[in-house]
Amino acid sequence: MPKPDGTPKRSLILAGGGVKVAFQAGVLQVWLDEAGLSFDHADGASGGCFNLAMWCQGMSGAQIADNWRNLDPVAGVDFNWAQYLRLFYAESLFQLGNYRQKVFPGWGLDWEKIRRCPREATFNVYNFTRHELFVYTPAQLTEDLLVASVSLPMWFEPVRIGGEVFIDSVFNTDANLEEAIRRGADELWVIWTVSQRGEWLDGFVANYFQVIETAANGRYKAVLSRIAENNRALEEGRHAEFGRRIEVKELKAEVGLHYLVNFSRDRSAEAVNQGVEAAREWCRQQGIPLRGELPSYPAEVHDALTRLQFTEDMKGYVGLGETDFQRGFKAGHDRGTFLHAHLTIKVDGVNRFVTQPRHEAAVEGTVSCEELGGDLPIESGTFNLLVDEGDYTRKRMLYRLHVRDSAGNPLTLSGFKEVRDDPGFDLWSDTSTLYTRIYRGAVDAGGEEGAEVVATGIIRIAMLDFLKQLTTFRVEGPSLSDRAAALGRFGRLFLGKLWDVYAREALSVGPF
Amino acid sequence: MIPEHFDAVVVGSGFGGSTITYRLSEAGKSVCLLERGHPYPPGSFPRSPLGVRRNFWDPSEGDYGMFDVWSFSGLEGLVSSGLGGGSLIYANVLLRKDEKWFVREDHDGAYEYWPVTYQDLEPHYERVEKLMGPQLFPLDVAPFSATAKTLAFRDAARARGLDWNLVPLAVKFANPGEPPAPGALLKEEFPNLHGRIRLTCTLCGECDVGCNTGAKNTLDYTHLSAAKRFGAEIRTLCEVKSFAPRQEGGFTIEYTQHDPTGPSKRDGRELAPRRTITAGRLILSAGTFGSPFLLLRNRANFPHLSDALGTRFSGNGDLLGFFLGAVREGRPRLVDAGRGPVITSAVRGADALDGGGAKGRGFYIEDAGHPEFVNWLVEASQAPGLLRRLARFAWRRVKSRITGDPRSDITEEIQALLGDCALSSSSVAVLGMGRDVPSGRMRLRKGYLDVDWRLDDSRPYFDRLRGTMRELAQELGASFKDNPIWYFNRVISVHPLGGCPMGRDRREGVVDSHGEVFDVPGLYVADGSVMPGPVGANPSLTIAAMADRTADRILGLEPAKGA
């Protein structure tokens, strides 16, 4: 219902999604701080309750995002040792004790302050004893209740409060839109991170979360269609369920972070930054102006500045005047138009590199092609390691090199490696095959549509050159441990992304 | 700033470029001719040792001279750089390509197909000849009749029953309507573009190092002076580096303006700024080593150029031979190769295509004189003899003083010091050329031009050619010596041809039979690189005639967009 000043009542729906809600925190940095949006009510379920608690406490969007960026994922892990002797009758695999003792204090949660929250908010938890959803307000929030809201059966122990058993509400509802509507919301702003990909994987762990996805998505979509029907009925002058128009503004994404299994701080920081980028793009499309952009680094500057570089040698053929990759390769092979790219990829700031979704590095080196005039130095170049366009199971490595031919004409070499899981063992060929196109002029990603193609073809890393490449890694940093850590983070990023693409049978998203 | 625009821009002022510039400006088009070298008015060709040393084209060293020397894996090449192109250093022969040598479907050694016939070129040959005014060497008029090398060559050829003739030369021996006379003031219909006086041929033999009297009827006096009168814009010391098609039609051309007082590059970076102009049509006439190189380097701007780019290279069968120490009746025979225009006559070896029972590939052998000062070098090189003569002269003078010899006339002794000059006066070089096999290929290697022409593909032709040279040497009593690099399986060519050959379609050639590049309308090539095989005779007239035919095509079309 519109507020006294006539503006619509806005509800922020912080839907659950395990630790995928790190993405949600990034969205909040943009919505609350950069766009300056305000909400009259907020609802939280499952993991969303964490973000809701922080919102109730009065933290800014950037503070909530930084809390997730700075969270050490292993800190919350607490094995339920005592129960393991009971084997299949164990209470749960893990306990939430570390969340109480380490994570919540680390986030600076102040229960008193949250209880004093002046804004309207609703937390959701399932009361198993009474078999009903329990919606509670900030004034009622306790540490036990917050912990109970994320207590997923089998993974964590149920919480007993006043003799009654409470668990995560996700199997009942993952976003209490009905509560928001009941409280008079006109607009529902939903941040939905539960996967809707619909890829069925086998195994106990995969099935558990597929059950969650079933319950959460099923309920959510049912409510959405009720709202759609309500709006339609209003337009047609029929009786509408909610009696007024309800507008749903949804920002959903496939987040490259597993609901529960994650050991990499870099990966959760990257999920936060993905949320930031997705929200900025979403606001642009919705026509919501942004007041400015905030940094995407963790607030603490403990990470030393580290640099990393390696060289890559790729060779192959391109066909002049061709636009198709296979045909261009064949034409080039027949005519002998050999292309050799000798590249040095330089990562300036490993921290920025691994936590930014674009994973961008600079490229130096030479592109050699007799037909274009011999060895052409690269004036400037960028490399993006394993990036995706929203589907984390299909990634690309992107190369953009600006060179000049021997007559001084500017050329752009734009290439990509297609990293996705096709039948058979294709990891090697995917990561070693660069589909290459050379354009006239200095062309950026947006300008490729209208640019003139000079040559197209395929270049590859040979196995021997790849083995040599592994020996070319050089790391710079203030101390040996910093350097080793940087190399480790780079390696984990690379392997983790490859897991997302090729090893989903083992775990649907890479755990590091 | 909007760059200057011309109807046509021509790159290079050789036989092709000058012809095009003349024809287009005569038709009223705005033409800009960009020539990388200097203009050379009479008297400007260097003769001092330092001048000669610097007279080479090497911009990175600060040399912007006339001779451009190349060395490739299979052969050496010598071309020129200056206003007038090859005409500045050539030996003036204007022969037409033999009618039957326009082969079609020839698979001997390498595929050769001429999509143009002698009949197609005949009107163009006539037009160019009219402008250049070739004259036969006036062997029947004194003092030309005493030119020893021509007489010797003629006598030797006739004794062997070979086909010997005087050849048409683009040299002024006479004013129109007057008898030929050496060193006479030349009367021109219009003043030439250098604004200087010219004399008739003085028989100094310096044709190949630049004619300082202006007797050679080079392109700057013929085509380019006329073009300038018609309003053509001629820019020298302007070297074209890159060109690209414009979206709105036409071309953008970038060139560097060389500063002759210093080198053009330092630390690999160009010093001179680049200028940009645009044109409705672009004609590349930078020569066989120039036009294909420019196209190869700018390949990225023309990705659809034919794959035939770089093919059908040949040296026109060029081969140098030396006749040393000609003898007649036991005594040195006077050949005097330093007197007279470099080339005056030719022996023709028939081709199997001519019919009449000849076997093998056709050729020409031409007497190749040299400048007089080379004779001094030859004599000075006879070091042992010179020391002996110096010693004997010194001894005679001392003896004369000691014995009080009354004889005061020592003319004979001075003469004895100079020796009998037998070697320089009895030797001559010959230049052979003809139908070798166009199996060479030009490509870029590390950004430089590379040509992989192999002598062995044309060995039967060279053996036949050398055989006839040997015959002639024998007839003169001289010993026949090959150019020393022959023993390394190499030749030096002054007539490089091909690289941008013409063909019936884009599979066969880069340009069509009118010189227009396939799939790039408005871009033309008009120089020796369009020849799909050797010309056989000296190629200059054929290059000019082909360019004249290209000019017809340019003038016949509607103007390109952007004009």
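Further up the page is the structure itself.
Quick summary incoming for the structure in this document. The structure displayed is predicted, hence computed values, not measured ones.

The rules behind these values
Residues numbered from 1 in each chain as written. Chains lettered and ligands numbered in written order. Predicted model: local features only at pLDDT ≥ 70, side-chain atom pairs only at ≥ 80, totals over all residues. Heavy atoms only, no water. Helix = DSSP H or I, 4+ residues; strand = E, 2+ residues; numbered from the N terminus. Rg over C-alpha atoms; globule rule 2.2 N^0.38 Å. Buried < 20%, exposed > 50% of the residue type's maximum accessible area, 1.4 Å probe, protein only. Contact = heavy atoms within 4.5 Å. Areas by Shrake-Rupley, 256 points an atom, 1.4 Å probe, with all protein chains shown as cover. Lys, Arg positive; Asp, Glu negative; His and termini not counted. Charge placed at Lys NZ, Arg CZ, Asp CG, Glu CD. Buried area = accessible area lost by both parts, 1.4 Å probe. Salt bridge = Lys/Arg side-chain N within 4 Å of Asp/Glu carboxyl O. Polar contact = N/O pair within 3.5 Å; in protein donor to acceptor, adjacent residues only side chain to side chain. Nonpolar A, V, L, I, M, F, W, Y, C, P; charged D, E, K, R; others polar. Pairing = 2+ DSSP bridges. Patch = residues over 30% accessible without salt bridge, like charges linked within 9 Å, V, L, I, M, F, W, Y side chains within 5 Å. Disulfide = S-S within 2.5 Å. Axes fitted to C-alpha atoms, helices over the stretch in contact; angles between N-to-C directions. Parallel < 35°, antiparallel > 145°, perpendicular 65-115°, else oblique. Left-handed = near helix turned anticlockwise from the far one by under 90°. Core = buried A, V, L, I, M, F, W, Y, C linked by side-chain atoms within 4.5 Å. Phe/Tyr/Trp six-rings, centres within 6.5 Å; stacked < 30°, edge-to-face > 60°. Lys NZ or Arg CZ within 6 Å of the ring centre and 35° of its normal.

### Comments concerning the overall build of chain B
Step number 1: Tallying secondary structure elements over chain B gives twelve helices and 26 strands in all.
Step number 2: The globule rule puts the C-alpha radius of gyration for 563 residues at 24 Å, and the 25 Å found for chain B is close to it.
Step number 3: Out of the 563 residues belonging to chain B, those deemed buried represent 56%.
Step number 4: When contacts within chain B are restricted to residue pairs at least 6 apart in sequence, long-range pairs at least 24 apart make up 74% of them.
Step number 5: Put simply, chain B shows about 23,200 Å² of open surface, and 54% of that area lies on carbon and sulfur atoms.
Step number 6: Mean positive and mean negative side-chain charge positions of chain B (68 and 68 charges, respectively) differ by 3 Å.

### Some words on the environment of Lys-97 of chain B
Residue and element names in this part refer to chain B.
Step number 1: Along the chain, the position of Lys-97 falls in the loop between β6 (76-80) and α3 (118-132).
Step number 2: For Lys-97, a relative accessible area of 1% gives the class buried.
Step number 3: Distance from Lys-97 to Leu-541, taken between C-alpha atoms, is 8.3 Å for residues 444 residues apart in sequence.
Step number 4: Excluding residues within four positions of it along the chain, Lys-97 makes contact with Phe-102, Trp-114, Tyr-118, Tyr-125, Pro-534, Val-535 and Thr-542.

### Things to note about the interface of chain B and chain A
Step number 1: Taken together, the contact pairs 20 residues of chain B with 18 residues of chain A.
Step number 2: For the pairing of chain B and chain A, the buried interface totals around 1,500 Å² over both sides, and the portion due to carbon and sulfur atoms is 42%.
Step number 3: Summed over the three residues of chain B that lose the most area to chain A, namely Arg-297, Ala-300 and Pro-303 of chain B, the buried surface amounts to 35% of that side.
Step number 4: The closest approach of N and O atoms between Lys-446 of chain B and Asp-375 of chain A, which form a salt bridge, is 3.8 Å.
Step number 5: At the junction of chain B with chain A, the criterion picks out seven residue pairs in polar contact (both at pLDDT 80 or more).
Step number 6: The biggest single contributor to the side of chain B that touches chain A is strand β11 (residues 238-245) of chain B, with four residues.
Step number 7: Residues belonging to the side of chain B that touches chain A are distributed by class as follows: seven nonpolar, five polar and eight charged.

### Considering the pairing of β6 of chain B
Residue and element names in this part refer to chain B.
Step number 1: Burial analysis of β6 places four of its five residues in the buried class, which makes it a mostly covered element.
Step number 2: As paired elements, β6 and strand β25 (residues 492-493) share two bridges and run parallel to each other. Bridged to Gly-77 within β25 is Ser-493.

### Remarks on a nonpolar patch on the surface
Step number 1: On the surface, Met-463, Leu-464, Leu-467 and Leu-470 of chain A cluster together into a nonpolar patch covering about 420 Å² of accessible area.
Step number 2: Within the secondary structure layout, Met-463 of chain A lies in helix α14 (residues 463-470).

### Observations regarding the state of the cysteines
Step number 1: Within this structure, the stated rule accounts for zero disulfides over all chains.
Step number 2: Unpaired in this structure, Cys-201 of chain B has its nearest cysteine sulfur neighbour in Cys-207 of chain B, at a distance of 6.3 Å.
Step number 3: We note that Cys-500 of chain B lacks a disulfide partner, and the nearest cysteine sulfur, in Cys-369 of chain A, lies 19 Å from it.

### Some words on helix α2 (residues 48-57) of chain A
One turn of the α-helix equals 3.6 residues, which is why residues spaced by three or four share an orientation.
All names here are of chain A.
Step number 1: Across the ten residues that make up α2, a large majority, ten, are buried.
Step number 2: When α2 is considered as a whole, its buried residues turn out to be Gly-48, Cys-49, Phe-50, Asn-51, Leu-52, Ala-53, Met-54, Trp-55, Cys-56 and Gln-57.
Step number 3: The positive-phi residue at the C-terminal boundary of α2 is Gly-58, with phi of around 100°.

### Concerning the sheet that holds β6 of chain B
Step number 1: Here we have three strands laid out as an open sheet, ordered β5-β6-β25 (chain B), and mixed in their pairing. The two strands at the open ends of the sheet, each matched to only one other strand, are β5 (67-71) and β25 of chain B.

### Considering the side chain of Asp-527 of chain B
All names here are of chain B.
Step number 1: Summarising the element assignment, Asp-527 is placed in the loop between β26 (523-525) and α12 (540-556).
Step number 2: As a buried residue without a salt bridge, Asp-527 has its nearest oppositely charged side chain in Arg-36, at a separation of 11 Å.
Step number 3: Of the polar contacts made by the side chain of Asp-527, one reaches the backbone nitrogen of Gly-287; its length is 2.8 Å.
Step number 4: Among all residues touching Asp-527, those that are not within four sequence positions of it are Leu-284, Ser-285, Ala-286, Gly-287, Ser-291 and Ile-543.

### Concerning the packing of α2 of chain A against helix α3 (residues 61-69) of chain A
A pair of packed helices can be characterised by two numbers: the angle between their axes and the separation between those axes.
Residue and element names in this part refer to chain A.
Step number 1: The contact between α2 and α3 brings their axes to 10 Å, and the two run at 135°. Here α2 is positioned oblique relative to α3, judged by the angle of their axes. In this structure, α2 meets α3 at a crossing whose hand is right-handed. Contacts between α2 and α3 pair Phe-50, Asn-51, Met-54 and Trp-55 from the former with Ile-64, Asn-67 and Trp-68 from the latter.
Step number 2: Split into classes, the residues belonging to the contact of α2 with α3 amount to five nonpolar, two polar and no charged.

### Here we look at the nonpolar core
Soluble globular proteins tend to pack their nonpolar side chains together in the buried interior.
Step number 1: Formed by 117 residues in total, the largest nonpolar core has its most connected members in Ile-253 and Phe-323 of chain B.
Step number 2: Per-element tally for this core: the top contributor is helix α11 (residues 459-475) of chain B, with six residues.
Step number 3: Those residues in contact with Phe-323 of chain B that lie beyond four places of it in its chain are Ser-426, Ser-427, Val-428, Val-430, Met-469, Leu-472, Ala-473, Leu-476, Ala-478, Ser-479 and Phe-480 of chain B.
Step number 4: Among the nonpolar cores identified, the runner-up in size contains 87 residues, and Met-59, Trp-107, Leu-146 and Leu-177 of chain A belong to it.

### Notes on a positive patch on the surface
Residues and elements named next belong to chain B.
Step number 1: Side chains of Arg-388, Arg-392, Arg-396 and Lys-399 sit close together on the surface and give a patch of like positive charge.
Step number 2: Mapped onto the elements, Arg-392 comes out in helix α8 (residues 383-403).
Step number 3: Among the residues examined, Arg-392 registers a relative accessible area of 46% and is labelled partly exposed.

### Thoughts on helix α5 (residues 97-107) of chain A
Residues and elements named next belong to chain A.
Step number 1: Buried within α5 we find Gly-97, Asn-98, Tyr-99, Val-103, Phe-104 and Trp-107.
Step number 2: Tucked into the core, α5 has its buried residues touching α2, α3, α6 (111-115) and α7 (143-149).
Step number 3: Just downstream of α5, Gly-108 is the residue with a positive phi angle, here 75°.

### Notes on the packing of aromatic side chains
Step number 1: Within this structure, the stated rule accounts for 60 aromatic pairs over all chains.
Step number 2: Geometrically, the ring pair formed by Phe-137 of chain B and Phe-173 of chain B is edge-to-face, given 5.5 Å between the ring centres and 75° between the ring planes. Residue Phe-137 of chain B is found in the loop between β7 (135-136) and α4 (148-159), and its partner Phe-173 of chain B is found in the loop between β9 (168-169) and α5 (223-229); the two are separated by 36 residues along the sequence. For the pair Phe-137 of chain B and Phe-173 of chain B, one class covers both residues: buried.
Step number 3: Here the aromatic residues Phe-79, Trp-81, Tyr-84, Phe-94, Trp-155, Phe-156, Phe-171, Tyr-208, Phe-209 and Tyr-259 of chain A are joined through ring pairs into a cluster of three or more.
Step number 4: Positioned over the ring face of Trp-55 of chain A is Arg-119 of chain A, at 4.0 Å from the centre of the ring.
Step number 5: The positively charged end of Arg-504 of chain B is found above the aromatic ring belonging to Tyr-113 of chain B, 3.5 Å away from the centroid.

### Regarding the sheet that holds strand β21 (residues 428-434) of chain B
All names here are of chain B.
Step number 1: Overall, antiparallel pairing links the six strands, which are arranged β8-β19-β20-β21-β16-β24 in an open sheet. Among the strands making up the open sheet, the edge pair consists of β8 (163-166) and β24 (479-482). If you compare each strand with its neighbour and ignore which way they point, the axes differ by 25° on average.
Step number 2: Direction of pairing for strand β19 (residues 345-349) relative to strand β20 (residues 363-368): antiparallel, over a ladder of four bridges. Paired with Gly-349 across the strands is Phe-363, a residue of β20.
Step number 3: The sheet strands contacting α4 are β8, β19, β20 and β21, and the helix crosses β8 at an angle near 155°.

### Observations concerning the environment of Leu-476 of chain B
All names here are of chain B.
Step number 1: Residue position: Leu-476 is located in the loop between α11 and β24.
Step number 2: The exposure class of Leu-476 is buried, given its relative accessible area of 3%.
Step number 3: Between the C-alpha atom of Leu-476 and that of Asp-155, which follows or precedes it by 321 residues, the distance is 8.7 Å.
Step number 4: In this view, Leu-476 contacts Ala-152, Ala-156, Phe-323, Ala-326, Val-327 and Arg-333; residues no more than four positions away in its chain are not counted.

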